[in-house]
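Summary of structural features
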Amino acid sequence: MNAEPPLMDLARDERADLAEFLATLTPEEWQTESLCSGWTVKDVVAHVISYEDLNLAGLFKRFAKGLVVRANEVGVAEYSTMSTDELLAFLNQHLRPRGLTAGFGGMIGLVDGTVHHQDIRRALGRPRAVPMQRLQRILPLVPGNPRLGAGRRIRGLHLRATDIGWEHGTGPEVTGTGEALLLAMTGRRQAAAELTGPGAATLLGRLGSTK
């Protein structure tokens, strides 16, 4: 029986797929607003790479400047001054997460990279099927992650994926694809609107803007 690949390897593969896709975008597509409210595609890419070269002191400085909850905006402001070619080159040089995104064996990089890849794809109307193996590893990691805020969104609900063997929680059922459930748990209203079941309206009503 083959062992499951490390999360770090999956995170690297996800970033490689994202970089390959970004290389096909037009200048207009880079400036399209993503599913993250107020962020363009370029801003999202800036965010994905914005923690890679921070040491511990730099991380504390970032959080202090952004008062923790706005730290992502601080990072985007710093990196969005780069050209799209520079951002793509930086991403290709950092396919294997390092720094903060290497946390928990690459879990942060894998979840962050996959969700933001979909933020870009969906906004541009260029969908893809997230590789099943990655979805199966990511979905169990999201509900209990306090930084993602999924716990409060799905409290009292039973989530069930219709395309892979995953479910979570108890209560009124919310069903849909694993990808849509992932994005809904992390606050994406567009994906939540695709879900069905007695609890779907409750989940949708709990979602606001996303960063």
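1. Concerning the packing of aromatic side chains
Here the structure, examined in full by the defined rule, presents 1 aromatic pair. Note on Tyr 79 and Phe 90: the rings are 5.7 Å apart at their centroids and 75° apart in plane angle, and the pair reads as edge-to-face. Remark: Phe 90 occurs in helix H6 (residues 84-93) and Tyr 79 occurs in helix H5 (residues 71-79); sequence separation between them is 11 residues. Accessibility assignment for this pair places Tyr 79 and Phe 90 in one class, buried. Looking at Arg 121, its charged tip hangs above the ring of Phe 21, at a distance of 3.7 Å from the centre.

2. So, the pattern of salt bridges
Applying the stated rule across the entire model yields 12 salt bridges. Ionic pairing is found between Glu 4 and Arg 137, a salt bridge with its closest N-O pair at 3.5 Å. Separated by 133 residues along the polypeptide, Glu 4 in the segment before helix H1 (7-22) and Arg 137 in helix H8 (residues 132-138) bring together distant segments of the chain. What makes Glu 4 exposed here is its relative accessible area of 57%. The salt bridge involving Arg 126 is made with Glu 29; its shortest N-O contact spans 3.4 Å. Taken together, the residues span a long stretch of sequence, with Arg 126 in the loop between helix H7 (103-123) and H8 and Glu 29 in helix H2 (residues 27-30) at a distance of 97 residues. Residues joined in a network through salt bridges with shared partners are Glu 14, Asp 17, Arg 128 and Arg 134.

Criteria and thresholds
Residues numbered from 1 in each chain as written. Predicted model: local features only at pLDDT ≥ 70, side-chain atom pairs only at ≥ 80, totals over all residues. Heavy atoms only, no water. Phe/Tyr/Trp six-rings, centres within 6.5 Å; stacked < 30°, edge-to-face > 60°. Helix = DSSP H or I, 4+ residues; strand = E, 2+ residues; numbered from the N terminus. Buried < 20%, exposed > 50% of the residue type's maximum accessible area, 1.4 Å probe, protein only. Lys NZ or Arg CZ within 6 Å of the ring centre and 35° of its normal. Salt bridge = Lys/Arg side-chain N within 4 Å of Asp/Glu carboxyl O.

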